[in-house]
Amino acid sequence: MSAQQVLYDKPGPKAIFRDKIYNVVFTLAFLALIAWIIYTANQRGVFNDRWSVLWDPPRNQTAWDVWSSLLITGLWGTLKPVLIAIPIVMVLATVITVVRTSTKWWARVPARVVTEVFRGIPVLLVMYFGVIALEMKPLHAVVLGLVVYNMAVVAEILRAGIAALPNGQREAGLSIGLTPLQTTMQIQLPQAVRIMLPALVSQAVVLLKDSALGFVIAYTELLTTGRRNYNYFGEESKVVFILVIAAMYIGINMLVSRLAHWLERRLGSRSKVVVAEAPKVPGALTAGGVGLEARTPDDRR
Amino acid sequence: MEPFLENSDLLWVAFGNTLTIALAAGALSFVWGTILAAFRVSPIGPLRTFGAVYVEVVRNTPLTLLFLFFLVASTPLLGLTIGLGVPMAIVAMTLYTATFVCEAVRSGVNSVQVGQAEAARSVGLTFIQVLTHVVMPQAFRSVVPPLINVYVAHIKNTSVAAGFAVFELVNFANRFSNPYPAQVVALFFGVGLCFLAMTIPLGLASQSLEKKLVIHR
């Protein structure tokens, strides 16, 4: 069900002809735009031998030196806090979700406050807080920032997942004698994780992108090593390194997004649970990220 | 409280910068994002491709990298020089937030059922009438709550400018933690509250609007 069908009738012969003309015109316009970009870049000498820094770098460096700094120091520096943060986020988010579904108001309210507050403050503020107030190492501060924010968001995703399950699931669990906690842990959460898996994977993209904030608090990650490289190799190499780093981020994030889509299709066909309505997560669009609402209804193709 | 009371003038400067970036980039990204959404739902293939590629590329780039691009790469690559500080923050955040605005608007338009527009056309409404009387009012309902969430994230994202020579709220906390070492926790707490004062009301508005505007079909 695409938007064209909403907004436009099936085109008749006249409209098809008109669309063909528009097609040609706009294709030419975009080709012209690309040509202009290449022309301008070429005028400024972007396509000279500066790119050889990637395979035959000057100043007594080898290609291995460049790539090991980018991939081993840089990319690993970016992935490390992500890999540390994800398990911690999963545990804490589960705890918050369980507490939020508690029958006791004095447990529910603080859990709600924690999610609302930590969703509402910038990740960078938490990272600075870690470095300055808690005197943490940059790596730990990055992890702190990622954990604090993402646990609140993931808790909210899981809560929305539980809310989307039919009430009968909980009632059935309670009626066979499980305690409310057991019902949440054994009946509701596993199903909630499953239907929200695409959203959870999208959140991993957000987490990965937010790790780039480490650049601001002097943590050594991909952007930092990129800067070190262009500072060493000089003015001309700036464009090269920025574009290489951008390509790496975009490549990785697109891969993870594809994984989310693939999971969505796979689970969509196998899910046995009848979900009352498409789960919605208020406020799930996030600090740096691929939001949920932006993905939920129609991206499921 | 001393760091805030003794530097209240600078606090207002910082708050002002945060608000300036949030509002200017917010308005611009709304315009650019809506245009992109129009591209993505248009019947013209090249426009759709452009919209899709733009959104996919920019949305998968960290905002910090976008800032860095305008700082060091846009001049040698395109001859495009943007003033460091607030102007750069506005440009980078406009391009970034527009992708999320685009996706929110597009989802909203797509959430309108085909039958609605077909019914409208069958009673003889023109394209503009279909859009203004039938599609837009319904799309608007599904667009507003997610759009508010986009802007909650947008407000928090202004903090990235702190790393690129903009004196805004997070930078305020960073700078005054040095002269007031005993007040560091209070300082960050206060700046956090400033952000919550902007984000929590918006979040609550989004939630209540969502309840109010829900379409019962």
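The rules behind these values
- Residues numbered from 1 in each chain as written.
- Chains lettered and ligands numbered in written order.
- Predicted model: local features only at pLDDT ≥ 70, side-chain atom pairs only at ≥ 80, totals over all residues.
- Heavy atoms only, no water.
- Helix = DSSP H or I, 4+ residues; strand = E, 2+ residues; numbered from the N terminus.
- Buried < 20%, exposed > 50% of the residue type's maximum accessible area, 1.4 Å probe, protein only.
- Contact = heavy atoms within 4.5 Å.
- Areas by Shrake-Rupley, 256 points an atom, 1.4 Å probe, with all protein chains shown as cover.
- Lys, Arg positive; Asp, Glu negative; His and termini not counted.
- Charge placed at Lys NZ, Arg CZ, Asp CG, Glu CD.
- Buried area = accessible area lost by both parts, 1.4 Å probe.
- Salt bridge = Lys/Arg side-chain N within 4 Å of Asp/Glu carboxyl O.
- Polar contact = N/O pair within 3.5 Å; in protein donor to acceptor, adjacent residues only side chain to side chain.
- Nonpolar A, V, L, I, M, F, W, Y, C, P; charged D, E, K, R; others polar.
- Core = buried A, V, L, I, M, F, W, Y, C linked by side-chain atoms within 4.5 Å.

Student: Got a minute to help me understand the overall build of chain A in this structure?
Tutor: Helix and strand counts for chain A stand at twelve helices and zero strands. Its helices and strands in sequence order give chain A the pattern α-α-α-α-α-α-α-α-α-α-α-α, from N to C terminus. The buried share of chain A, taken over its 301 residues, is 49%. Contacts in chain A between residues far apart in sequence, at least 24 positions, make up 73% of those at least 6 positions apart. For chain A, the accessible area works out to roughly 14800 Å², and carbon and sulfur atoms hold 66% of it.

Student: Before we go on, may I ask you to explain the overall build of chain B in this structure?
Tutor: In terms of helices and strands, chain B carries nine helices and zero strands. Beginning at the N terminus, the succession of helices and strands in chain B can be written as α-α-α-α-α-α-α-α-α. Along the three orthogonal principal directions, the C-alpha set of chain B runs to about 70 × 45 × 25 Å. Residue pairs at least 24 apart in sequence account for 75% of intrachain contacts in chain B once pairs closer than 6 positions are excluded. As displayed, chain B has an accessible area near 8700 Å², and 71% of this comes from carbon and sulfur atoms. One way to put it: in chain B the 11 positive side-chain charges average out to a point 16 Å from where the 8 negative ones average out.

Student: Got a minute to help me understand unusual backbone geometry in this structure?
Tutor: Working note: non-glycine residues mostly have negative phi, and peptide bonds are mostly trans. Unusually for a residue other than glycine, Glu135 of chain A sits at a positive phi of about 50°. Tracing the backbone through its elements, the reader meets Glu135 of chain A in the loop between helix H5 (123-132) and helix H6 (138-164). Phi at Ala165 of chain B is positive, roughly 60°, even though this residue is not glycine. On the secondary structure map, Ala165 of chain B appears in the loop between helix H7 (127-157) and helix H8 (169-176).

Student: Which parts of the structure should I look at to understand the interface of chain B and chain A?
Tutor: Interfaces are frequently sized by the accessible area removed from exposure as the parts join. If you look at the interface, chain B gives 67 residues, while chain A gives 73 residues. Carbon and sulfur atoms supply 68% of the area buried between chain B and chain A, which totals about 6200 Å² over both sides. At the boundary of chain B with chain A, the tally comes to one salt bridge. A salt bridge links Glu56 of chain B to Arg258 of chain A; its shortest N-O distance comes to 3.6 Å. Counting the contacts that link chain B with chain A gives seven residue pairs in polar contact (both at pLDDT 80 or more). Counting residues per element, the ones that place at least two in the side of chain B that touches chain A are helix H3 (45-59), helix H4 (63-78), helix H5 (86-111), helix H6 (114-122), H7, H8 and helix H9 (184-213) of chain B. At twelve residues, H9 of chain B tops the list of elements feeding residues into the side of chain B that touches chain A. Its residues placed into classes, the side of chain B that touches chain A shows 41 nonpolar, 18 polar and eight charged.

Student: Where do I start with the pattern of salt bridges in this structure?
Tutor: If charged atoms from side chains of opposite charge come close, those side chains can pair. All names here are of chain B. Using the criterion set out here, one finds eight salt bridges over all chains in the structure. When the shortest N-O distance is used, the salt bridge between Arg40 and Glu103 registers 2.9 Å. Taken as a pair, Arg40 in helix H2 (residues 8-41) and Glu103 in helix H5 lie far apart in primary sequence, 63 residues in all. Salt bridges here are not isolated pairs; linked through shared partners, they connect Arg40, Arg59, Glu103 and Arg106.

Student: Hey, could you run me through the nonpolar core in this one?
Tutor: Within soluble globular proteins, side chains that are nonpolar tend to cluster in buried spots. Grouped together as the largest cluster of nonpolar side chains are 132 residues, with contacts concentrated most on Leu124, Ile217 and Leu223 of chain A together with Phe67, Leu169, Phe172 and Val191 of chain B. The residues touching Phe172 of chain B, leaving out its near neighbours within four places in the chain, are Pro3, Phe4, Asn7, Leu10, Leu11, Ala14, Phe167, Leu187 and Val191 of chain B.

Student: For this particular structure, what's the right way to read H8 of chain B?
Tutor: What sets the pattern is the α-helix's 3.6 residues per turn: residues three or four places apart point alike. Counting buried residues along H8 of chain B, six of its eight residues qualify, which places the element largely inside the surrounding structure. For H8 of chain B, the full list of buried residues reads Leu169, Val170, Asn171, Phe172, Ala173 and Phe176 of chain B. Tucked inside the fold, the buried residues of H8 of chain B contact H5 of chain A together with helix H1 (2-5), H2 and H9 of chain B. One side-chain oxygen at the N-terminal end of H8 of chain B lies 3.2 Å from the backbone nitrogen of Val170 of chain B; it belongs to Glu168 of chain B.

Student: Looking at this structure, how should I read the side chain of Thr97 of chain A?
Tutor: Mapped onto the elements of the fold, Thr97 of chain A is located in helix H3 (residues 63-100). Once you skip the residues sitting within four places of it in the chain, Thr97 of chain A turns out to touch Ala155, Leu158, Arg159, Ile162 and Leu189 of chain A.

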